[in-house]
Amino acid sequence: MTGQITATQLSKTFRKNQAVRGVSFDIAPGEIYGLIGPDGAGKTTTIRMLAGVMDPTRGTARVNGLDTTRQAEQLRAHVGYMAQKFSLYGDLSVRENIEFYADIFGVRGKARAERIARLLKFARLDQFQDRDAGVLSGGMKKKLGLACAFIHRPRVLFLDEPTNGVDPISRREFWDILSDLHIEGVTIFISTAYLDEAERCSRVGLMYRGEIIREGTPIALRQLVQGDLLAIITPDLQIAENVAQKLPGIFEVQVYGDRLHVFVDAGATRAREIEIALVAAGATIKQIRPAAPHLQEAFISLISHL
Ligand SMILES: Nc1ncnc2c1ncn2[C@@H]1O[C@H](COP(=O)(O)OP(=O)(O)OP(=O)(O)O)[C@@H](O)[C@H]1O
Ligand SMILES: [Mg+2]
């Protein structure tokens, strides 16, 4: 394997709980690799092992050519790690928090001031540099966390659910910053529970119960969805769901906000049948049309068939 992040059969067992069950990666320089999966899937444990902060029970990993267990100390200089529950010093200012990390990573001299100024700008925090970190908005805290993780200009960044609980606008802004890092050639390994974010990755691994059940480009994963997808907009969701589930040729029915997503064997013929059945059951149909499945549907469809 020649990747910048490689892992072979990484496993972690906590007492009797097999949190990670033999996962392997081969991630090229400059990729944005997204690890997605539900709570408890093993994302954090995987990232901790890759970042060299936790030893695997079995298996090995190399990042930037360094063994994450035997060369963990050296590895620190080459990777940035933003933990899921990272903490900032609330009574230090934004700038002082970054300075603190600069000291930890031995960033000194002329480079220090330049880099801090650049990072503040980069993270869109320059106007807030004197504000106490404790009073920042959730989104700004995450950006500060990212700036701290990047102070030593690592070639690889591990970000564990960095946008969790942040509003959509701040999430987009955070991703704009990641895109800038990506353009600079930084390899990014990011876990997220938001499937729309996974669509922005070069490759995605779907993690479920400690295993990577599928891996590929977002487009390839989307295509794994069985059959055609029909989107039905109706005010009578409950009736529509119950009726649609019982019709022939239906693989799956998922409710999305005000609409029903129905996976069928053949879109064109089933659309007509569904429409007739729903109207007969007293449901009003505002629209029924073919739709392109998102990663969200792909993921739900995959894990429901395991
Ligand atoms: N330090 C630990 N000691 C014991 N069990 C742990 C420890 N860390 C994680 N686990 C267990 O390992 C499993 C995987 O946890 P992990 O935190 O890696 O999942 P996750 O995908 O990051 O979940 P989340 O989305 O909630 O962050 C869970 O069952 C969890 O309870
Ligand atoms: Mg986690």
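Everything numeric in this text was worked out from a predicted model, so none of it was measured.

Parameters and conventions
- Residues numbered from 1 in each chain as written.
- Chains lettered and ligands numbered in written order.
- Predicted model: local features only at pLDDT ≥ 70, side-chain atom pairs only at ≥ 80, totals over all residues.
- Helix = DSSP H or I, 4+ residues; strand = E, 2+ residues; numbered from the N terminus.
- Buried ≥ 20, exposed ≤ 12 C-beta atoms within 10 Å, placed from the backbone.
- Contact = placed C-beta atoms within 7 Å.
- Core = buried A, V, L, I, M, F, W, Y, C linked by C-beta atoms within 7 Å.
- Domains from an automatic or database assignment.
- Near = placed C-beta within 6 Å.
- Nonpolar A, V, L, I, M, F, W, Y, C, P; charged D, E, K, R; others polar.
- Pairing = 2+ DSSP bridges.
- Axes fitted to C-alpha atoms, helices over the stretch in contact; angles between N-to-C directions.
- Expected span 1.5 Å × (residues − 1).

Secondary structure assignment for the chain yields 11 helices and 14 strands. In terms of its C-alpha atoms, the chain occupies a principal-axis envelope of roughly 75 × 45 × 35 Å. Every one of the 306 residues in the chain was classed for burial, and the buried ones make up 39%. Expressed as a percentage of contacts within the chain between residues at least 6 apart in sequence, the contacts between residues at least 24 apart total 68%.

Formed by 79 residues in total, the largest nonpolar core has its most connected members in Leu50, Leu144, Ala147, Phe158, Phe189 and Val262. No other element matches helix α5 (residues 138-149), which puts 6 residues into this core. Counting only domains with at least three residues in this core, you end up with domain 1 (5-222) and domain 2 (228-304). In contact with Phe189, other than residues within four places in its own chain, are Ile5, Ile27, Tyr33, Ile47, Leu50 and Phe158.

As a matter of local geometry, ligand 1 sits amid 13 residues, with Phe14, Ala19, Lys43, Thr44 and Thr45 nearest to it. Where the shell around ligand 1 is concerned, the elements lending two or more residues are β2 (17-27) and α1 (43-50). Among the elements that take part in the shell around ligand 1, α1 stands out by supplying 3 residues, more than any other. Residues belonging to the shell around ligand 1 are distributed by class as follows: 4 nonpolar, 7 polar and 2 charged.

Domain boundaries in the chain define domain 1 (5-222) and domain 2 (228-304). Taken over C-alpha atoms, the centre of domain 1 sits 37 Å from the centre of domain 2. Those elements giving two or more residues to the side of domain 1 that touches domain 2 turn out to be α7 (195-198), β9 (203-208), β10 (211-216) and α8 (218-222). Broken down by element, the side of domain 1 that touches domain 2 gets its largest block of residues, 3 residues, from α8.

Strand order across the open sheet formed by 4 strands is β12-β13-β11-β14, with antiparallel pairing between neighbours. The open sheet has two edge strands, β12 (250-256) and β14 (287-291), and neither has a second partner. Direction aside, the axes of adjacent strands within the sheet are offset by 25 degrees on average. As paired elements, strand β11 (residues 228-233) and β14 share 5 bridges and run antiparallel to each other. Bridging from a neighbouring strand, Ile232 pairs with Ile288 of β14. The strands that helix α9 (residues 237-246) touches are β11, β12 and β13 (259-264); relative to β12, the one it contacts most, it runs at about 165 degrees. Contacts from helix α10 (residues 267-280) reach β11, β13 and β14 within the one sheet, and its direction differs from that of β11 by about 30 degrees.

Further remarks concern helix α4 (residues 109-122). Helical geometry note: an α-helix holds 3.6 residues per turn, so side chains three or four residues apart project in the same direction. For α4, spanning 14 residues, the distance from its first C-alpha to its last is 20 Å, which sits close to the expected 20 Å at 1.5 Å a residue. Of the residues trailing α4, Arg124 is marked for its positive phi of about 55 degrees.

If you walk across this open sheet you meet the 6 strands as β6-β7-β8-β3-β9-β10, and the pairing is mixed. Of all strands in the sheet, those with a lone pairing partner are β6 (79-82) and β10, marking the two edges. The average angle at which neighbouring strand axes cross in this sheet is 15 degrees, direction not considered. Note: β9 against β10, 5 bridges, orientation antiparallel. By the bridge assignment for β10, Met207 is matched with Ile212. Its contacts with the sheet place helix α6 (residues 168-183) against β3 (32-36), β7 (156-160) and β8 (187-192), and it is angled at close to 150 degrees to β8.

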